[in-house]
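Coordinates in review
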Amino acid sequence: MEFQHQQLQESETAESLLQQLPHLSDEQLKQEYLNALQWTEPLSLILPLLDDKSQVLRVVKLALDLDFCLGARLIGSVKPEFQAATVDLLATLELPEVLKIRLLGSTGSDSGVPQLLQVLHDENSRFRPQVASALGKIGSEAAVAALGQALRAQDSEVRTQVAYELGQIGSEAGVAALQEALNDNDYQVRESAALALSAIATDAAVAALQQALNHKSPNFRERVVSALGQIRTDAAVAVLQQALNDEVYQVRESAALALGHIRTDAAVAALQQVLNHDSYDFRGKATSALGSIGTESAVAALRLALTHLDYRVRGRTALALGSIGTEAAVAVLQQALNDENHRVREKAAEALGSTGAEAAVAPLLIALQDEDSSVRRTAAEALGYIGSEAAVTSLQQALSSEDSYVRRTAAWALGRIATETAVAALQQALTDQDSWIRLSAAYGLGKIGLEMGVAALQEALGDENFEVREKAAEALGNIGSEAGVTVLRQSLYDEDFWVRRRAAEALGKIGTDVAVAALRSALRDEDSDVRRRAAYALGNSGSETAVASLRVALNDEDSNVRLSAVKALGNIGTETAVAALRVVLDDEDSDFRGKAVYALGSKGTEAAIVALEEALRAEDSWVRWMAASALASIGTQRVVMALEQALNDSDSRVRYSAAEALGKIGSPKLLAQLRQMLYTTTDNYELSTILDAIASIQERCGYYNHDVAAS
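Residues numbered from 1 in each chain as written. Predicted model: local features only at pLDDT ≥ 70, side-chain atom pairs only at ≥ 80, totals over all residues. Heavy atoms only, no water.

Notes on the side chain of Thr 681
Locating Thr 681 in the fold gives a position in the loop between helix 44 (671-678) and helix 45 (684-701). Overall, Thr 681 belongs to the buried group, its relative accessible area being 2%. Here the side chain of Thr 681 touches Asp 683 through a polar contact of 3.4 Å, landing on its backbone nitrogen. Among the polar contacts made by the side chain of Thr 681, one reaches the side chain of Glu 686 at a distance of 3.3 Å. Contact partners of Thr 681, with chain neighbours within four places excluded, come to Pro 96, Val 98, Glu 686, Leu 687 and Ile 690. (Helix = DSSP H or I, 4+ residues; strand = E, 2+ residues; numbered from the N terminus. Buried < 20%, exposed > 50% of the residue type's maximum accessible area, 1.4 Å probe, protein only. Polar contact = N/O pair within 3.5 Å; in protein donor to acceptor, adjacent residues only side chain to side chain. Contact = heavy atoms within 4.5 Å.)

Okay, here's the thing in structure tokens:
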């Protein structure tokens, strides 16, 4: 209702403007109407009603003077008999070829097609793929016909783009040309044609893809069946059903997966037939596909599959039901927990865990008592994934199991259930004779993150097993308690470098002054990765006291340590940190200088911005690009002036980074400068960035041209 009301208002506004138009001067028309975004839609409504060609040409010419994209849009709105003349207004402008191609596409006018075809037939033009995109944007019958011809171009990149555009248009008129392209000698063209036909999705498109299933390349036949899976009609299902009998297994497998995407009863019926195929792997793919479908009919088919003679099929069926996860699927899986084969029961327990359903907890608690240890282990794991507090008591009992694998998994599962009872159980598990259980317990305590686990983890840092010590250090970092600093500081001297690495990371997360002091000493560790992690952790601490040590680390023999020190100083961002990074700007390594510059953008302090402004004047274009990118990441009004200067840089990367940022934060006064850049750009990516920046600023200020708005 609101949308209809808006349309009515726009229609009434357009009718009023239509009556006034002959009486408006050029200046009035530009300033009061054409330049205002709010009048663009009403203008596009009145242009098809204008019978006076001179008035039509006046409006379009004035619009092009204001903004190229506005003019292109209005060109496509005029009466068809006037469009050749309005397109000529655009065609006669002295603009870079790449921009003119973009604008011709934006008109949506058939009158632009002949000019686009001229470029498309020019073998020396590097913008032919952009022409294909422009024709795709026009999307008319004439454009489809032109694209059909272009599918015979010599350049395979052009043919690939043309096929894609035909798919985007979605017209059945493009099917014949795309069918021919399915036999192209270039694989990418064939693949693009197949995907385009899947986007068109008519019966004719399906028939074309059906013929392509006779192609000699099995890889291409795989792509064809994948394309059919995107169409999702009964006609596509019928063809995919035939592909289930392809001589090559990979094609049959892809056909089964494609049917899984279609999600219809017909697809379910086709997949059911595969469940009795000779190949176990193929039967497994069919069950997985049924799981992807997930409908009631798919659940019913899978329920039948749980009676299959092959236990492997029943196991795969259980996993498929788990991926569906509905109440009906959970109910069927409960039955599968009673299967005679322990492998099937194991898969059923795994599947119940993947559902995350509270209804799965009760049957899994029963499965914790299964006679087979692998089922008990999987049930414990599944309960951990679900994370229900109701499982804590049973999992705590499982910590006393005679099977060490069950105990390990129970400890891991308890770590995913954040209760005080779980913490108490895991503290006890830290004394288990099995090191893997102690490791799982340490991991679990860190996962829960409660302060009450700290004391036990401190003791675990003295464990005889280095992996337990490593996991205990990591857990203390996750908890973040200052009480863990003393023992973690000692762990920086552990004989195992992995323990030292984790201790450094943990101290960085805690971040107190004492922790920072310990990390400074870790920058002298013999292991480069310990030094790297210590530098990273010092950066996260944000402590000014770390700067002196990080400045020394900038000269480390290991490049990764130096880079970590650069990032850390950027994160700290104080004047002394920025001063340290400025020294790096004289380094002989260009890549290192660039990364140091980019790090200055992390905090965006005044000192960092000043340094980045200086870096924008560096001789090295890589350094200037990183400086522009860093200023863009800061994204405040403070950096606008520097980014405006970067718009004139000789390197296109610097220019488009600046333009992209200014589109978000720039002043409307920039519109003239950005428009001027359109006259010189020859790079398609840079062009897109400039046009996007212009559109963003216009959207914010509500008009197209600042000079006109200010006059």
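Now that the structure is up, let's keep going.
Describing the pattern of salt bridges
Tallying each qualifying case throughout the model produces 42 salt bridges. Across the pair Arg 438 and Asp 463 runs a salt bridge, and its minimum N-O distance is 2.7 Å. A residue pair is termed long-range when its members are at least 10 positions apart, and Arg 438 in helix 29 (residues 435-448) and Asp 463 in the loop between helix 30 (454-460) and helix 31 (466-479) qualify at 25 residues. With relative accessibility at 6%, the residue Arg 438 sits in the buried group. What emerges from the salt-bridge pattern is a single network uniting Glu 470, Arg 501, Arg 502, Glu 505, Asp 527, Asp 529, Arg 532 and Arg 533. (Salt bridge = Lys/Arg side-chain N within 4 Å of Asp/Glu carboxyl O.)

Remarks on unusual backbone geometry
Positive phi values are uncommon outside glycine, yet Ala 201 reaches one of about 65°. Among the structural elements, Ala 201 can be located in the loop between helix 13 (187-200) and helix 14 (203-212). Although it is not a glycine, Arg 263 adopts a positive phi angle of roughly 65°. Secondary-structure assignment places Arg 263 in the loop between helix 17 (249-262) and helix 18 (265-274).

Some details on the confidence of the model for the chain
Counting all residues, the mean pLDDT for the chain is 92, and 98% of those residues have values of 70 or more. For the stretch residues 1-8, pLDDT sits under 50, and the model shows 0 contacts to residues farther than four places along the chain or on other chains. (pLDDT = per-residue confidence, 0-100.)

Some words on helix 37 (residues 559-572)
Compared with the 20 Å implied by 1.5 Å per residue over 14 residues, the 20 Å span of helix 37 between its first and last C-alpha is a close match. Among all positions in helix 37, only Val 561, Leu 563, Ser 564, Ala 565, Val 566, Ala 568, Leu 569, Gly 570 and Ile 572 are buried. Note on helix 37: the residue one or two positions beyond its end, Gly 573, has a positive phi of about 70°. (Expected span 1.5 Å × (residues − 1).)

Structural notes on the packing of helix 16 (residues 234-243) against helix 18
Helix 18 packs onto helix 16 with a crossing angle of 10° between their chain directions and a minimal axis gap of 9 Å. Considering their axes alone, helix 16 and helix 18 lie roughly parallel with respect to each other. Between helix 16 and helix 18, the residues in contact are Asp 234, Val 237 and Gln 241 and Ala 266, Ala 267, Ala 270 and Gln 273, respectively. A per-class count over the contact of helix 16 with helix 18 returns 4 nonpolar, 2 polar and 1 charged. (Axes fitted to C-alpha atoms, helices over the stretch in contact; angles between N-to-C directions. Parallel < 35°, antiparallel > 145°, perpendicular 65-115°, else oblique. Nonpolar A, V, L, I, M, F, W, Y, C, P; charged D, E, K, R; others polar.)

Notes on the side chain of Arg 500
With respect to the secondary-structure elements, Arg 500 resides in helix 33 (residues 497-510). The contacts of Arg 500, once residues within four sequence positions are left out, are Ser 491, Leu 492, Tyr 493, Asp 494, Glu 495, Asp 525, Glu 526, Asp 527 and Val 530.

Regarding helix 33
The periodicity of an α-helix, 3.6 residues per turn, causes residues three or four places apart in sequence to face the same way. Between its first and last C-alpha atoms helix 33 spans 20 Å; for 14 residues at 1.5 Å apiece the expected length is 20 Å, and the two agree. With respect to burial, helix 33 is a largely interior element, 10 of its 14 residues being buried. Of all the positions in helix 33, only Val 499, Arg 500, Arg 501, Arg 502, Ala 503, Ala 504, Ala 506, Leu 507, Gly 508 and Ile 510 are classed as buried. Its buried side turned inward, helix 33 meets helix 31, helix 32 (485-491), helix 34 (513-522) and helix 35 (528-541). The N-capping residue of helix 33, defined by a side-chain oxygen 2.9 Å from the backbone nitrogen of Trp 498, is Asp 496. Positive phi shows up at Gly 511, right after helix 33, with a value of about 70°.

Some thoughts on the nonpolar core
For soluble globular proteins, nonpolar side chains are generally found buried alongside one another. Of all hydrophobic cores here, the largest spans 248 residues; its most connected members are Leu 228, Leu 395, Leu 550 and Leu 674. No other element matches the 8 residues that helix 41 (residues 621-634) contributes to this core. Once residues lying within four places of it in the same chain are set aside, the contact partners of Leu 228 are Val 206, Leu 209, Leu 213, Ala 236, Val 239, Leu 240 and Ile 262. (Core = buried A, V, L, I, M, F, W, Y, C linked by side-chain atoms within 4.5 Å.)

Here we look at the environment of Leu 70
As for its placement among the helices and strands, Leu 70 is situated in helix 5 (residues 68-75). Between the C-alpha atom of Leu 70 and that of Thr 107, which follows or precedes it by 37 residues, the distance is 9.5 Å. Setting aside residues up to four positions removed in sequence, Leu 70 forms contacts with Leu 34, Thr 40, Ala 63 and Tyr 704.

Looking at the state of the cysteines
Considering all chains together, one arrives at 0 disulfides under this definition. Free of any disulfide, Cys 69 has its nearest neighbouring cysteine sulfur in Cys 701, separated by 14 Å. We classify Cys 69 as partly exposed; its relative accessible area is 35%. Using a relative accessible area of 23% as the deciding quantity, one classes Cys 701 as partly exposed. (Disulfide = S-S within 2.5 Å.)

Quick look at the packing of aromatic side chains
The way to describe two aromatic rings as a pair is by their centre distance and the angle between their planes. Under the criterion given, the structure shown has 7 aromatic pairs. Between Trp 622 and Trp 625, the aromatic rings sit 5.9 Å apart at their centres with planes inclined by 75°, giving edge-to-face as the arrangement. In this pair, Trp 622 and Trp 625 both sit in helix 41, 3 residues apart, roughly one turn of the helix. Look at Tyr 656 and Tyr 685: their rings are 4.7 Å apart centre to centre, the planes differ by 75°, and that puts the pair in the edge-to-face class. A residue pair is termed long-range when its members are at least 10 positions apart, and Tyr 656 in helix 43 (residues 652-665) and Tyr 685 in helix 45 qualify at 29 residues. Taking the relative accessible area as the measure of exposure, Tyr 656 reaches 16% and is therefore buried. (Phe/Tyr/Trp six-rings, centres within 6.5 Å; stacked < 30°, edge-to-face > 60°.)

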